[in-house]
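# Coordinates in review
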Amino acid sequence: MTPDVRDAFARESAADPLVTHTTLGPGTPMRRSTLQTRGEFHALAAYHDVYHPLDAEQQLAMSFPAGYADGVPRKVCVAIGRSGSDFSDDDVAAAALLRTRLSRVLNRLAPPTSPPSPVTRRESAVLALLARGLTNQQIAHRLAISPRTVDKHLEHAYAKLRVGGRVEAANAWLTRGQTAVRSAL
């Protein structure tokens, strides 16, 4: 699509019943011819600016849940256009099967992410000293705990901050970790 066609679609799609069905409605597979007559379709501003230049006289569209992005549910819209004969009932049935399978796969590939667990006060103290550049031995000495206990606190904090090592943990702590402190020891 050219930028002009994309702009026209953005400007005119709100008045298109197939777009409304797909984006705001149930999103089940739908032929344009089921929603409006050929004359009604040709009367749309989007027909002249978008569909006719693309030679999309016949259309089938659907949408479906597609997992999550940044913790927010996603929805994918698919529209198929062609010239020539209209889509058959078998095409609509195949699209319905495809819709179910695609949704299932995309939901598995992009599941919702749970927020990281908050770090404990002791993990917070260890992370604060780590972020200041102290070694595990120095942290242990300052907090009057063993270096092995420091290792365990860091191991748990790495998982909660979703990081893989000391530098990442220190950076995460300095930028976002301090707000995720639990009051329990």
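Quick note: structure is the one above.
The subject of this paragraph is helix H8 (residues 136-143). By the burial criterion, the buried members of H8 are Asn136, Ile139, Ala140 and Leu143. When H8 is viewed along its axis, its buried side chains cluster within an angular range of 100° and face the same direction. Within H8, the exposed residues directed more than 90 degrees away from the buried face are Gln137, His141 and Arg142. Those residues of H8 hidden inside the fold are in contact with helix H7 (121-131), helix H9 (147-161) and helix H10 (166-175).

Moving on: the pattern of salt bridges. Summed over the entire model, instances satisfying the criterion amount to seven salt bridges. The salt bridge partner of Arg32 is Asp16, with a shortest N-O separation of 2.9 Å. With Arg32 in helix H3 (residues 32-35) and Asp16 in the loop between helix H1 (3-12) and helix H2 (17-23), this residue pair connects regions lying 16 residues apart in the sequence. Each member of the pair Arg32 and Asp16 is classed as buried.

To continue, consider the packing of H7 against H9. Running from amino to carboxyl end, H7 crosses H9 at an angle of 95°, the nearest separation of the two axes being 9 Å. The orientation of H7 with respect to H9, classified from their angle, is roughly perpendicular. Taking contact as the criterion, the partners of Arg122, Glu123, Val126, Leu127 and Leu130 in H7 are, on H9, Val150, His153, Leu154, His156, Ala157, Lys160 and Leu161. Looking at side-chain class alone, the contact of H7 with H9 contains seven nonpolar, two polar and three charged residues.

Between H7 and H10, the least distance of the axes is 9 Å, while the angle of their chain directions is 105°. One way to sum up the angle between H7 and H10 is to call them roughly perpendicular. For the pair formed by H7 and H10, the contact residues are Ser124, Leu127, Ala128, Leu130 and Ala131 on the first element and Arg166, Ala169, Ala170, Trp173 and Leu174 on the second. Split into classes, the residues belonging to the contact of H7 with H10 amount to eight nonpolar, one polar and one charged.

Before going further, it helps to spend a moment on the pairing of strand E2 (residues 58-69). Summarising burial for E2: nine of the 12 residues are buried, a large majority. Note that strand E1 (residues 30-31) and E2 share two bridges and pair antiparallel. For Met30, the partnering residue across the bridge sits in E2 and is Ala61. Two strands pair when backbone bridges link them, and E2 and strand E3 (residues 72-82) are joined in this way by 10 bridges, in the antiparallel orientation. Across the sheet, the residue bridging to Met62 is Val78, located in E3.

Definitions and cut-offs
- Residues numbered from 1 in each chain as written.
- Predicted model: local features only at pLDDT ≥ 70, side-chain atom pairs only at ≥ 80, totals over all residues.
- Heavy atoms only, no water.
- Buried < 20%, exposed > 50% of the residue type's maximum accessible area, 1.4 Å probe, protein only.
- Helix = DSSP H or I, 4+ residues; strand = E, 2+ residues; numbered from the N terminus.
- Arc of directions from axis to C-beta.
- Contact = heavy atoms within 4.5 Å.
- Salt bridge = Lys/Arg side-chain N within 4 Å of Asp/Glu carboxyl O.
- Axes fitted to C-alpha atoms, helices over the stretch in contact; angles between N-to-C directions.
- Parallel < 35°, antiparallel > 145°, perpendicular 65-115°, else oblique.
- Nonpolar A, V, L, I, M, F, W, Y, C, P; charged D, E, K, R; others polar.
- Pairing = 2+ DSSP bridges.

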